[in-house]
Amino acid sequence: ANSVTCRYFGESDELLANYAWYSKNSEKQNHSVGLLKPNDFGFFDIQGNVWSWCLDRFGDEDPHKIDDTEDALRVVKDEHPRQLRGGDAFSDSSALRSAYRFNFRPMVSATNTGF
């Protein structure tokens with residue numbers, strides 16, 4: 001969204017609880033979507049609540065390379081971990097920023113991951 005800050009609403013940790021469920025306000029549980037403020041596009045829970053699965057493989061040579069066509073044609077295999085972004089209800093504020101990445105193998109199922 002052309003943001004130049006670490007989060008779409010700015011840099012402040014003090015504002016984070018208005019937009020995201022994370023370790024300081026979640027009581028270590030997931031919450032229904034739409035209870036906090038949305039981003040400028042009207043999407044809720046972009047950061048926090050659950051990690052967001054990404055098609056991008058974790059650990060690719062150049063994480064800044066954008067080639068959706070090539071990556072979309074790759075077969076998803078369990079030996080290639082995929083990126084997770086956005087943090088979850090158990091994460092501290094440092095994980096809830098645009099540049100932070102985590103990973104799981106594609107066949108892993110957990111209550112703290114989603115779309």
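Notes on the structure in this doc start here.

**As for the overall build of the protein**
Consideration 1: Across its full length, the protein carries 2 helices and 4 strands.
Consideration 2: For the protein, the N- to C-terminal ordering of α and β elements is α-β-α-β-β-β.
Consideration 3: For the protein, the proportion of its 115 residues judged to be buried stands at 32%.
Consideration 4: If you take every contact in the protein between residues at least 6 apart in sequence, the share linking residues at least 24 apart comes to 62%.

**Details of the pattern of salt bridges**
Consideration 1: Tallied over the full model, the rule gives 1 salt bridge.
Consideration 2: Here Asp-13 makes a salt bridge to Arg-7, at a shortest N to O gap of 3.0 Å.
Consideration 3: For Asp-13, a relative accessible area of 36% corresponds to the partly exposed category.
Consideration 4: Of the residues examined, Arg-7 reaches a relative accessible area of 3% and is grouped as buried.

**Topic: the packing of aromatic side chains**
Consideration 1: Overall, the coordinates contain 7 aromatic pairs when judged by the stated rule.
Consideration 2: Between the aromatic rings of Tyr-8 and Tyr-19, the centroid separation amounts to 5.8 Å while the plane-to-plane angle is 90°, which identifies the pairing as edge-to-face. You can see Tyr-8 sitting in the segment before helix H1 (16–19) and its partner Tyr-19 sitting in helix H1, a full 11 residues away along the chain.
Consideration 3: Classification of Tyr-19 by relative accessible area gives buried; the value is 16%.
Consideration 4: A network of ring pairs unites the aromatic residues Trp-51, Trp-53, Tyr-100, Phe-102 and Phe-104 as a single cluster.

**Here's the deal with the environment of His-31**
Consideration 1: Here His-31 is to be found in the loop between H1 and strand S1 (51–57).
Consideration 2: His-31 sits 58 residues away from Ala-89 along the chain, and the two C-alpha atoms are 8.4 Å apart.
Consideration 3: Not counting chain neighbours up to four residues away, the residues in contact with His-31 comprise Trp-21, Asn-25, Ser-26 and Asn-49.

**Here's the deal with the pairing of strand S2 (residues 82–85)**
Here is the key point about a regular strand: its side chains alternate between the two faces of the sheet.
Consideration 1: In this structure, S1 lies alongside S2, joined through 3 bridges in antiparallel fashion. The partner of Trp-53 across the bridge, within S2, is Leu-84.
Consideration 2: As paired elements, S2 and strand S3 (residues 102–104) share 3 bridges and run antiparallel to each other. Bridge pairing in S3 places Gln-83 opposite Asn-103.

Thresholds applied
Numbers given to residues run from 1 along each chain, matching the order in which its sequence is written. For this predicted model, a pLDDT threshold of at least 70 governs which residues receive local features, and a threshold of 80 or more governs which side-chain atom pairs are given and counted, while totals over whole chains, interfaces and linings are taken from all residues. No hydrogens and no water enter the side-chain calculation; it runs on all heavy atoms of the structure. Every helix listed is a DSSP run of H or I at least four residues long, and every strand listed is a run of E at least two residues long, numbered separately from the N terminus. Think of it in three bands: residues with accessible area under 20% of the maximum for their type are buried, residues over 50% are exposed, and the middle band is partly exposed, with areas taken using a 1.4 Å probe on protein chains only. Contacts are assigned to residue pairs with any non-hydrogen atoms lying within 4.5 Å of each other. One speaks of a salt bridge when a side-chain nitrogen belonging to Lys or Arg is within 4 Å of a carboxyl oxygen belonging to Asp or Glu. Side-chain rings of Phe, Tyr and Trp, where Trp is taken by its six-membered ring, are said to pair if the distance between their centres is within 6.5 Å; with planes under 30 degrees apart they count as stacked, over 60 as edge-to-face, and otherwise as tilted. A pair of strands is considered paired only if DSSP assigns at least 2 bridges between the two.

Take it as geometry only, folks, not as evidence of what the structure does.
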